[in-house]
Amino acid sequence: SFAAPHVSATFALMKSVNPTLAPVDLADIAGRHGLSRRSLSGVTTYGARLQVDTATMAASFVDIAGVFEYDIVWMALEGLTRGCNPPANDRYCPDRPVTRGELAAFLHRALGVPLGPDAFSDDDGSVFEPHINALARAGLTRGCNPPHNDRFCPDRHVTRGELAAFLNRALP
């Protein structure tokens, strides 16, 4: 089938990330992502090794098994997330609240808005500063301390109200 080489390459990638995976483990993982065992019959776990950093990273998250696993892998493959524990980034932390800085990174990567000048006084040195400045330049954030709005509060959790404002501005 047309898909067999792609499935084989995906299995080779997963095997390169975790050499202890047996064929039954690979079929089980694929099954959790909507592939039936019957459709996997005859697929080999050997083949060309893919050099895709985001796919390797997505496959290396150790904490994503569960109801949101497919969605988290999608986010990683789309380049929207890189993990929650730099520099290792082998965790996604699916049960942890999202910070304003993390949301800025997700939105910036998703929307691809251009970088902007320094917009806030409290994000200097934050790994999220470029993302925050891009959102400010695009008019997607106004800060966290009205009416001055000279701070972004990158380490504070996002409230549902703030999320509504971010999405309203980002998705007209």
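Rules used in this analysis
Residues numbered from 1 in each chain as written. Predicted model: local features only at pLDDT ≥ 70, side-chain atom pairs only at ≥ 80, totals over all residues. Heavy atoms only, no water. Disulfide = S-S within 2.5 Å. Buried < 20%, exposed > 50% of the residue type's maximum accessible area, 1.4 Å probe, protein only. Phe/Tyr/Trp six-rings, centres within 6.5 Å; stacked < 30°, edge-to-face > 60°. Helix = DSSP H or I, 4+ residues; strand = E, 2+ residues; numbered from the N terminus. Core = buried A, V, L, I, M, F, W, Y, C linked by side-chain atoms within 4.5 Å. Contact = heavy atoms within 4.5 Å.

Trainee: Describe the state of the cysteines, listing the residues and the values that go with them.
Mentor: Note: disulfide means a covalent bond formed between the sulfur atoms of two cysteine side chains. Using the criterion set out here, one finds two disulfides in the structure. Here cysteine 84 connects covalently by a disulfide to cysteine 93, the sulfurs 1.9 Å from one another. Between cysteine 84 and cysteine 93, the disulfide has an S-S torsion of 50° and is therefore right-handed. In this structure, cysteine 84 and cysteine 93 share a single accessibility class: buried. Paired through a disulfide, cysteine 144 and cysteine 153 show a sulfur-sulfur distance of 2.0 Å. A torsion of 55° about the S-S bond marks the disulfide between cysteine 144 and cysteine 153 as right-handed. Each member of the pair cysteine 144 and cysteine 153 is classed as buried. In the protein chain, numbering the disulfide-bonded cysteines from first to last in sequence yields the connectivity 1-2, 3-4.

Trainee: Please set out the packing of aromatic side chains residue by residue, giving values where relevant.
Mentor: For any two aromatic rings, the description comes down to two numbers: the centre-to-centre distance and the angle of the planes. Tallied over the full model, the rule gives three aromatic pairs. On the numbers, 5.9 Å between centres and 55° between planes, the contact of phenylalanine 61 with tyrosine 92 is tilted. Residue phenylalanine 61 is located in the loop between α3 (53-60) and α4 (69-77), and its partner tyrosine 92 is located in the loop between α4 and α5 (100-111); the two are separated by 31 residues in the primary sequence. Ring geometry for phenylalanine 120 versus phenylalanine 152: centroids 5.6 Å apart, planes at 45°, classification tilted.

Trainee: Quick rundown of the nonpolar core? Include the residues and the values.
Mentor: Among the nonpolar cores identified, the biggest contains 14 residues, and Ala104, Leu107, Ile132, Leu135, Phe152 and Phe166 are the most heavily contacted of them. Those elements giving two or more residues to this core turn out to be α5, α6 (129-137) and α7 (160-170). Looking at which element gives the most residues to this core, the answer is α5, with four residues. Residues contacting leucine 135, with those up to four places away along its chain left out, are Ala104, Leu107, His108, Val113, Leu140, Thr141 and Phe166. Counting residues in hydrophobic clusters, the runner-up holds nine residues, among them Phe61, Ile72, Met75 and Leu80.

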